[in-house]
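What follows is the residue order along each chain.
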Amino acid sequence: MPRFDIPALLADLTVAERSSLVSGQGFWWTRRIERVGLPSIMVSDGPHGLRKQERNTDHVGVGGSVPATCFPTASALASSWDVDLVRRVGAAIGEEARAQGVAVVLGPGINIKRSPLCGRNFEYLSEDPVVAGVLGSAMVDGIQSQGVGASLKHYAANNQETDRLRVSADVDIRPLREIYLAGFERVVRDTQPWTVMCSYNRINGVYASQDPWLLTEVLRGEWGFDGLVVSDWGAVDDPVAAVAAGLDLEMPSTGGASAARVTAAVEAGDLPEAVLDTAVERLIALIERALPGVEAEDDVDLDAHHQLAREVARDCVVLLKNEADLLPLAPIGRLAVIGELARTPRFQGAGSSKVKPTRVDDALTALRAAVGDDATVSFAAGYGVDDPGADVAALRAEAVAVAGDADTAVVFLGLPPSYESEGYDRTHIDLPAEQVALLEAVAEVNDRVVVVLANGSVVALAGWEHHAGALVEGWLGGQAGGGAIVDVLLGVANPSGRLAETIPKRLADTPAYLDFPGEDRHVRYGEGLFVGYRHHDAVDLDVSYPFGHGLSYTTFELTDLDVTVLDDGVGGAEAGWRGRDRIEVGVTVTNTGSRAGKEVVQVYVGAPEASVQRPVRELRAFAKVDLGPGASERVVLRLDERDLSYWSTRADGWVLEPGEFEVAVGRSSRDLPLRATVRVDGPPLALPLDRSSTLAEWFEHPVGHEVLVEALRRSPGGDLRPMLDDPAQRRMLGSFPMPRLATMLGPAVGDDLVDGMLAEVAGR
Ligand code: BGC
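In terms of regular secondary structure, the chain is built from 24 helices and 26 strands. At 29 Å, the chain has a C-alpha radius of gyration in line with the 27 Å of a compact globule built from 764 residues. Along the first, second and third principal axes, the C-alpha atoms of the chain reach 100 × 70 × 50 Å. A burial count over the chain gives 60% of its 764 residues as buried. Taking as baseline every contact in the chain between residues at least 6 positions apart, the subset at least 24 positions apart corresponds to 76%. Put simply, the chain shows about 27,900 Å² of open surface, and 50% of that area lies on carbon and sulfur atoms. When the 70 positive and 112 negative side-chain charges of the chain are each reduced to one mean point, those points stand 1 Å apart.

This part takes up the sheet that holds strand β25 (residues 659-666). The antiparallel open sheet is built from four strands, whose spatial order is β21-β20-β25-β26. Both edges of this open sheet fall to β21 (618-627) and β26 (674-680), since each of them pairs with a single strand only. Averaged over neighbouring strand pairs, the angle between their axes works out to 20 degrees when direction is ignored.

Mapped onto the fold, R620 is located in strand β21. Polar side-chain contacts of R620 include one of 3.2 Å to the side chain of E618. Side-chain polar atoms of R620 contact the backbone oxygen of D643, separated by 2.9 Å. Among residues more than four places away in sequence, those in contact with R620 are V130, R534, V603, Y604, V605, R614, L639, D643 and S645.

Attention now goes to helix α7 (residues 182-191). With respect to burial, α7 is a largely interior element, eight of its 10 residues being buried. Listing the buried residues of α7 in full gives A182, G183, F184, E185, R186, V187, V188 and T191. Downstream of α7 by a residue or two, Q192 has a phi angle that is positive, lying close to 45 degrees.

On to the environment of T590, then. Summarising the element assignment, T590 is placed in strand β19 (residues 581-591). Judged by its relative accessible area of 16%, T590 is buried. Separated by 39 residues in sequence, T590 and P629 have C-alpha atoms that sit 8.5 Å apart. The residues touching T590, leaving out its near neighbours within four places in the chain, are T555, F556, E557, L627, G630, A631 and S632.

Each value, and the rule that gives it
Residues numbered from 1 in each chain as written. Predicted model: local features only at pLDDT ≥ 70, side-chain atom pairs only at ≥ 80, totals over all residues. Heavy atoms only, no water. Helix = DSSP H or I, 4+ residues; strand = E, 2+ residues; numbered from the N terminus. Rg over C-alpha atoms; globule rule 2.2 N^0.38 Å. Buried < 20%, exposed > 50% of the residue type's maximum accessible area, 1.4 Å probe, protein only. Contact = heavy atoms within 4.5 Å. Areas by Shrake-Rupley, 256 points an atom, 1.4 Å probe, with all protein chains shown as cover. Lys, Arg positive; Asp, Glu negative; His and termini not counted. Charge placed at Lys NZ, Arg CZ, Asp CG, Glu CD. Pairing = 2+ DSSP bridges. Axes fitted to C-alpha atoms, helices over the stretch in contact; angles between N-to-C directions. Polar contact = N/O pair within 3.5 Å; in protein donor to acceptor, adjacent residues only side chain to side chain.

Any functional reading would require information beyond the geometric quantities listed.
Here it is, written out as structure tokens:
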């Protein structure tokens, strides 16, 4: 039984009251209207833990918040490639939100990591839209399973922090659709988040908060979004234009200024009242949806959530290299732990996502507790973290002495907090020089060096990784990350993380290098589709570690690839938004080692015969499998029409071009032992013809071709077909728009004729 009679409420509320509802109350609340019994609801950050602020309100993480479980940040979570795990994290965050009376959690953030320099990459999942979309859906699903809403952000093309409130992401429609919108589309269509948060930036010149194409045509019209669109905090430039474009709630409060402008616009007839009412309706519907959760009185088992945070963090760790099986460490002998980050962990990033953790585990304490009396664990800080006063030489000398006295040195390195944050981008991808110098000095006195990294976005490894026999990417592992790292180091947990972003050899190798962060309020996405591994693979560049890479303490084998083209998949409306399933991929995964472990099967697809430029291969499906020693499992994944299609600007839609597709299966974009080529048939491409279509385009069109040939045969000046029998001639004239040929071929292909031919094509 709904609590609110929305039509009656709308009729009862004055224009001024309705206008007041489309902007917030304070930082975190929607507006309350007591007169009609409409309560406010509270929203709070964030993506990897709840940041509910009570006092000292701000939106950039300066003020304090209520303690909550801090889970690994998005770069770490994505490295798990584990849908169930991410869903469990979402559910735990949702549960904490519900217990705190928070109606909507402001996350997940699923923007594509266009450049490793983006200051907020720690909050984002991947350079690949399938990973970002699938795991983003899992997070939304988890949060919303608790009767709390999610806010999918930042919609869209918010891929940098530099000038983020004004910059125009100038991006062609095809990469926009295939790379930057694809993840949002998947989450919206599959999981229906209660809210979507529009981004600060402009896209091709238009503010996301005021873009009717983005907020209404695509999001609601095409994808069927039925929730509420909220602005990022302070993203609205013109509140009337925002409501007109489809924004339902401007945050935070503007102290009545926006409401006054919206009221005036409605009264002047510049904003249709019905448009305002639609936004208000959506707000009331959100409140209706949220109230049962807000009113529930729950207790959260924070100890259990801390345990979950540790379990999750373990599965996010990526073992990048492990020479001579240096890891796992035997918990005996003399271990040296080097690096301040082992004692003072960096486990999350700065800005609006910053959670006040319920407790924090550091690796040093966790390691000492784990090895007990079986090993001695000595420690030296080695460097200071964001500490200009540190005596670098003395710290290094102490660390060298400690390392020289140990069987194995575990060196904790990483980015200091000042290196990456919401609000600004990085200018390089290097570790602090004193950390690299420390590693070199340690490696001179100890030849068993393990490096453990703490960083939210990738760091360059190429200059120093030869000093480390083993390399563990721990990301920003959340409040239990220290313990999780120890679980991995000692083999209590078998690492199973895989890179959700490429680690390049050099910043200069990355695709947006020359086009980031732009200038004069514009950033041009010149690399087009070729983001992340799509670029590195297209130009065959060496990378430090490829997308998808990650080692285990066991070994896996992939065998018996079976790729079947499906002709009888579900068709028509039942096929869903992604179209019919077209290819089935089966592969057997076997754990060939002696420990239980998890493998991530990755399926990539290429379209070598495509008539448009396409990446060499693109991830289209993946699955994580958990196998005991010696165990096998058959993994079957399906690829649908969307997986094979590209966005055609000419057709203004997704197009599946029949032809050959290469299916490659393996464990990274560069390690694909199993491959098959299949033919997917379908009607020949029929991209729309218009008056500017060229001779070549007419020839390529299945119907246009016939119409053209007939028209040439009937030409009043005699049959013109022989002239085009010569392939060289046809090629030379191919780029001429049809009416322009009139000047060369006489009236035979003049304007009237072209119009007639177009009508004929349309009629067949
Ligand atoms: C951030 C959002 C965040 C909001 C509220 C903004 O500055 O971009 O991600 O949800 O603040 O804190």
